[in-house]
Amino acid sequence: MTGPTGSNPPEDFMAQLAARMRGQQQQAEELGARLAGLTGRAESEDGLLRVVCTATDPAHELFVDPRAMRLPATELSELLAGLVRAARADLQRETGEVLRELGGEDGPEALIHNPAAAQAKLAQLNEMVSGPLRESTEMLDRLRRQLKI
């Protein structure tokens, strides 16, 4: 009995498929961990205020030097709000760099203004996820027919 390529037994094909799926799952987990570990940072020019944000926490760390408390409340709040925005932008930049490493020059920014490229990337990602599942389903169907179950 041969696998889908005509040369490998089904056991070899299933082992290769399982290894491929484990590899893809491991890559996805590594990417998730890498993205989850990213932080965005911003600091006021005088160093009295600092903000660190993560993907799940827009104000993960706030540092306010006591001297900053001398500022009027509205000015202090505006400065902090601006630093939070700057830290989020820094996090977006960091995330974009990681995604560009994976996707080459066609990172997320390139896809925003190119719907055709975005659709192609989505199709590629969909195939990457659904391909192994489809292959294993086809293999199981062939095995059922051959075993007449």
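The shown structure was predicted, so the numbers you read here are calculated from the model rather than taken from an experiment.

Visitor: Looking at this structure, how should I read the overall build of the protein chain?
Guide: The helix and strand tally for the protein chain stands at four helices and three strands. Taken from the N to the C terminus, the helices and strands of the protein chain come in the order α-β-β-β-α-α-α. For the protein chain, the exposed area adds up to about 10400 Å²; of that, 57% sits on carbon and sulfur atoms.

Visitor: Looking at this model, I keep getting lost on the sheet that holds strand β1 (residues 40–43). Mind explaining?
Guide: Strand pairing in a sheet is mediated by backbone hydrogen bonds. Such pairs are either parallel or antiparallel. Here three strands make up an open sheet; going across it, the order is β1-β2-β3 and the pairing antiparallel. Each edge of the open sheet is held by one strand with a lone partner, namely β1 and β3 (61–64). Across this sheet, the average inter-strand angle for adjacent strands is 5 degrees, counted without regard to direction. The pairing of strand β2 (residues 49–53) with β3 spans four bridges and is classified as antiparallel.

Visitor: Sorry if this is basic, but what is going on with the pattern of salt bridges here?
Guide: With the rule as written, the count across this model stands at four salt bridges. R93 is the salt-bridge partner of D90, the closest N and O atoms lying 2.5 Å from each other. One end of the pair, D90, and the other, R93, are both in helix α2 (residues 73–103), three residues apart, so they sit about a helical turn from each other. Judged by relative accessible area, which is 16%, D90 ranks as buried. The exposure class of R93 is partly exposed, given its relative accessible area of 39%.

Visitor: Hey, could you run me through the environment of E43 in this one?
Guide: Within the secondary structure, E43 is located in strand β1. Between the C-alpha atoms of E43 and L62, which are 19 residues apart in sequence, the distance is 9.9 Å. Here E43 is in contact with L49, R50 and L83, once residues within four sequence places are set aside.

Visitor: Explain the side chain of S44 here, please?
Guide: Mapped onto the elements, S44 comes out in the loop between β1 and β2. Excluding its chain neighbours within four sequence positions, the residues that come into contact with S44 are L49 and L83.

Visitor: When you look at the side chain of T54 in this model, what are you seeing that I'm missing?
Guide: Mapped onto the elements of the fold, T54 is located in the loop between β2 and β3. Judged by relative accessible area, T54 falls into the buried class, the value being 10%. Setting aside its immediate chain neighbours within four residues, T54 contacts L38, T39, H60, R88 and L91.

Visitor: Teacher, can you tell me more about the nonpolar core here?
Guide: Nonpolar side chains in soluble globular proteins generally cluster together in the buried interior. The biggest cluster of nonpolar side chains holds 13 residues, and the ones touching the most others in it are L49, V51, A68, L76, L80, L83 and A87. Contributions of two or more residues to this core are made by β2 and α2. When residues in this core are grouped by element, the largest group, six residues, is from α2. Setting aside residues no more than four positions away along its own chain, V51 makes contact with G40, R41, A42, P58, E61, L62, L80, L83, V84 and A87.

Rules used throughout
Residues numbered from 1 in each chain as written. Predicted model: local features only at pLDDT ≥ 70, side-chain atom pairs only at ≥ 80, totals over all residues. Heavy atoms only, no water. Helix = DSSP H or I, 4+ residues; strand = E, 2+ residues; numbered from the N terminus. Areas by Shrake-Rupley, 256 points an atom, 1.4 Å probe, with all protein chains shown as cover. Pairing = 2+ DSSP bridges. Axes fitted to C-alpha atoms, helices over the stretch in contact; angles between N-to-C directions. Salt bridge = Lys/Arg side-chain N within 4 Å of Asp/Glu carboxyl O. Buried < 20%, exposed > 50% of the residue type's maximum accessible area, 1.4 Å probe, protein only. Contact = heavy atoms within 4.5 Å. Core = buried A, V, L, I, M, F, W, Y, C linked by side-chain atoms within 4.5 Å.

Any link to function would need more than the numbers given here.
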